[in-house]
Amino acid sequence: MSVLSAMRAANASGVRVLGIESSCDETGAAVVTGDGVVLSDVVESQIARHAEHGGVVPELASRDHARNIGPVVRAALDRAGVGLDAIDAVAVTHRPGLVGALLVGVQAAKGIAWGAGKPLVGVDHLVGHLLAVFLRRGGEGASADAEPPRFPFVALLASGGHTAIYRVDAPHAGACTELGATRDDAAGEAFDKVGKLLGLGYPGGPAIDRLAATGDASRFPLVAPMAHARSFEFSFSGLKTRIARQVAEHGAPSDPAELASVCAAFQKAVTDVLAKKLVLAAEAHGVSDVVIGGGVAANRELRQKVREAAAARGLRAAIPPLASCTDNAAMIAYAGAVRLARGEADAWDLVATSQTSLPRVTRKGRGAR
Ligand code: KG4
Ligand code: ZN
């Protein structure tokens, strides 16, 4: 299909895009309309599979994606009640992520799109996360404060692989500007490493979130490095090192109340700095809407702090439902529909690559900025 006819299709009401996601340890497929209505969203998680290794094993992830992708795509079409003939384009995550894992989704998407005679649209996973707030889910997945934000907005993207603040002027990659990112570990990576140190298994985020609710953060005062710096950059590896040192000296806390308090202190330190810098960035840019996304945006303390910090400064906070925060293919389908509506599609030589297309301002490592 030519780009022009793809554009016409996207402008027509009721455009439907099949999205495919395989960048890390979730195999996903979804059908979403051009205005963000989620007709189906199937996520096959490999978390249990990787838990026994304490983290994602890339080769195992690729093999599981290859096994799962066919059934997951079929389930997404079935649940949406459509065949491929009723799909207007196939969108796929082609960056950033584990290249072997991405390749499975990209090859599947190429095969399906070519066979069905539909346009192929590559999507940057991070753009998917940044636009996930526009997904319209029915029923239990919906959330009261997921009122869509107005452009421009400032978004915190915090996941297992990335943590950064973006200014988003319009719904496409070229209009997403990084304002600052982590200099070392991603926030989710810090949750996972601390979870492992405390013997909570993989992934650490949800387990720490649960335990922190009953802990007393004031028993172990922790502050994230760079929390008071004026930049929108973060650093989380020092927090992990502090907890690693404690564990090396005294062992992981065996008393449940103490364990909960260490979780509460760590979570407080991470969420304090994330919420604070998000609202400061919005103020610095004169932007009235803030958004969160990525797996760490599922964290209850972070969600609450962002709501409160935004309200205290007269900003609007758009907090997507949990299913839109963690990895899913619906956000990829939607970001693909937006590209299609702009007249953009990709050729059959679309490549999988580990790096994001979004320009970066933060370098990893120490040094003056
Ligand atoms: O966005 P995501 O599903 O995958 C990536 O693109 O990385 O994020 C996964 C990350 C993991 O590090 C996981 O521990 C973290 O999100 N996570 C959480 C919570 N749920 C998932 N972190 C803190 N609190 C949670 N409730
Ligand atoms: Zn992600």
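Predicted model only: the values in this text are computed from it and were never measured.

A. Just the overall build of the protein chain, in detail. In terms of regular secondary structure, the protein chain is built from 12 helices and 10 strands. Its C-alpha atoms give the protein chain a radius of gyration of 20 Å, near enough to 21 Å, the size a compact globule of 369 residues would have. Overall, the C-alpha framework of the protein chain stretches about 60 × 45 × 40 Å when taken along its three principal axes. A burial count over the protein chain gives 53% of its 369 residues as buried. In the protein chain, the share of contacts with a sequence separation of at least 24, taken over all contacts with a separation of at least 6, comes to 75%. Surface summary for the protein chain: the accessible area is close to 15200 Å², and the carbon and sulfur share equals 54%. The averaged location of the 37 negative side-chain charges in the protein chain is 4 Å from the averaged location of its 39 positive side-chain charges.

B. Geometry of helix H3 (residues 58–80). End to end, H3 covers 30 Å across 23 residues, agreeing with the expected 33 Å (1.5 Å per residue, within 8%). Of all the bends in H3, the greatest, near 45°, is centred on Asn68, and the proline Pro71 appears no more than four residues after it. Of the residues making up H3, those classed as buried are Leu60, Ala61, Ser62, Asp64, His65, Asn68, Ile69, Val72, Val73, Ala76, Leu77 and Ala80.

C. The arrangement of the site of ligand 1 in detail. Around ligand 1, 19 residues are found, and the nearest of them are Gly160, Asp192, Asp209, Gly295 and Asn299. With respect to ligand 1, the backbone of Gly188 contributes an N or O atom lying 3.1 Å from an oxygen atom. At 3.0 Å from an oxygen atom of ligand 1 is found a side-chain nitrogen or oxygen belonging to Asp327. Burial of ligand 1 by the protein amounts to 88% of the accessible area it has alone, namely 560 Å². Elements supplying a minimum of two residues to the shell around ligand 1: helix H5 (125–131), helix H6 (187–197) and helix H7 (204–212). Of the residues in the shell around ligand 1, the class split is five nonpolar, 11 polar and three charged.

D. Molecular detail of the coordination of the zinc ion (ligand 2). Distances from the zinc ion (ligand 2) to its protein donors, His125 (NE2), His129 (NE2) and Asp327 (OD), fall within 2.0 to 2.1 Å. Here the zinc ion (ligand 2) binds four donor atoms, and the angle range of 92 to 145° at the metal identifies the geometry as irregular. Within one chain, the residues serving as donors to the zinc ion (ligand 2) are arranged as H-x3-H-x197-D. With His129 in helix H5 and Asp327 in the loop between helix H11 (322–325) and helix H12 (330–341), this pair connects stretches of sequence that are 198 residues apart. Here His129 and Asp327 have matching classes, each one buried.

E. Summary view of the packing of aromatic side chains. All chains considered together, the criterion is met by six aromatic pairs. Pairing Phe134 with Phe151 gives two aromatic rings, centres 5.5 Å apart and planes at 25°, and the pair type is stacked. Remark: Phe151 occurs in the loop between H5 and strand S6 (153–158) and Phe134 occurs in the loop between H5 and S6; sequence separation between them is 17 residues. It is Lys277 that lies over the ring of Phe234; its NZ or CZ is 5.7 Å from the centre.

F. Region of interest: the environment of Asp327. Judged by its relative accessible area of 17%, Asp327 is buried. With 140 residues separating them in the primary sequence, Asp327 and Ala187 have C-alpha atoms 15 Å apart. Leaving out residues up to four positions away in the same chain, Asp327 has contacts with Glu21, Ser23, Cys24, Glu26, Val43, His125 and His129. Side chain to side chain, Asp327 and His125 meet in a polar contact 3.1 Å long. Reaching out from Asp327, the side chain makes a polar contact with the side chain of His129 at a distance of 3.0 Å.

G. Spotlight on the packing of H3 against helix H4 (residues 99–116). Interaxial distance between H3 and H4 falls to 8 Å at its minimum, and their mutual angle equals 30°. One finds that H3 runs roughly parallel with respect to H4. When you trace H3 past H4, the crossing you get is right-handed. In this structure, H3 contributes Ser62, His65, Ala66, Ile69 and Val73 to the contact, and H4 contributes Gly100, Ala101, Val104, Gly105, Ala108 and Ile112.

H. How the structure looks around the layout of surface pockets. Counted as a void, the second largest pocket has a volume near 300 Å³. For the second largest pocket, the lining is made up of 16 residues, of which Phe220, Arg242, Ile243, Gln246 and Val262 are closest to its centre. Looking at the lining of the second largest pocket, the elements that each hand over two or more residues are helix H8 (237–250) and helix H9 (256–284). Here the lining of the second largest pocket gets seven residues from one element, more than from any other, and that element is H8. Of the residues belonging to the lining of the second largest pocket, the class tally is nine nonpolar, three polar and four charged.

Procedures and definitions
- Residues numbered from 1 in each chain as written.
- Chains lettered and ligands numbered in written order.
- Predicted model: local features only at pLDDT ≥ 70, side-chain atom pairs only at ≥ 80, totals over all residues.
- Heavy atoms only, no water.
- Helix = DSSP H or I, 4+ residues; strand = E, 2+ residues; numbered from the N terminus.
- Rg over C-alpha atoms; globule rule 2.2 N^0.38 Å.
- Buried < 20%, exposed > 50% of the residue type's maximum accessible area, 1.4 Å probe, protein only.
- Contact = heavy atoms within 4.5 Å.
- Areas by Shrake-Rupley, 256 points an atom, 1.4 Å probe, with all protein chains shown as cover.
- Lys, Arg positive; Asp, Glu negative; His and termini not counted.
- Charge placed at Lys NZ, Arg CZ, Asp CG, Glu CD.
- Expected span 1.5 Å × (residues − 1).
- Bend = angle between axes of the 7 residues up to and from the residue.
- Near = heavy atom within 4 Å.
- Polar contact = N/O pair within 3.5 Å; in protein donor to acceptor, adjacent residues only side chain to side chain.
- Nonpolar A, V, L, I, M, F, W, Y, C, P; charged D, E, K, R; others polar.
- Donors = N, O, S within 2.8 Å, 3.2 Å for Na, K, Ca; no water.
- Tetrahedral: all angles 85-135°; square planar, octahedral: opposite > 155°, others 65-115°.
- Phe/Tyr/Trp six-rings, centres within 6.5 Å; stacked < 30°, edge-to-face > 60°.
- Lys NZ or Arg CZ within 6 Å of the ring centre and 35° of its normal.
- Axes fitted to C-alpha atoms, helices over the stretch in contact; angles between N-to-C directions.
- Parallel < 35°, antiparallel > 145°, perpendicular 65-115°, else oblique.
- Left-handed = near helix turned anticlockwise from the far one by under 90°.
- 1 Å grid on protein atoms, 1.4 Å probe; cavity = no way out; pocket = protein on both sides within 12 Å on 5 of 7 lines; lining within 4 Å.
- Points joined across faces, edges and corners; volume = space filled by probe spheres on them.

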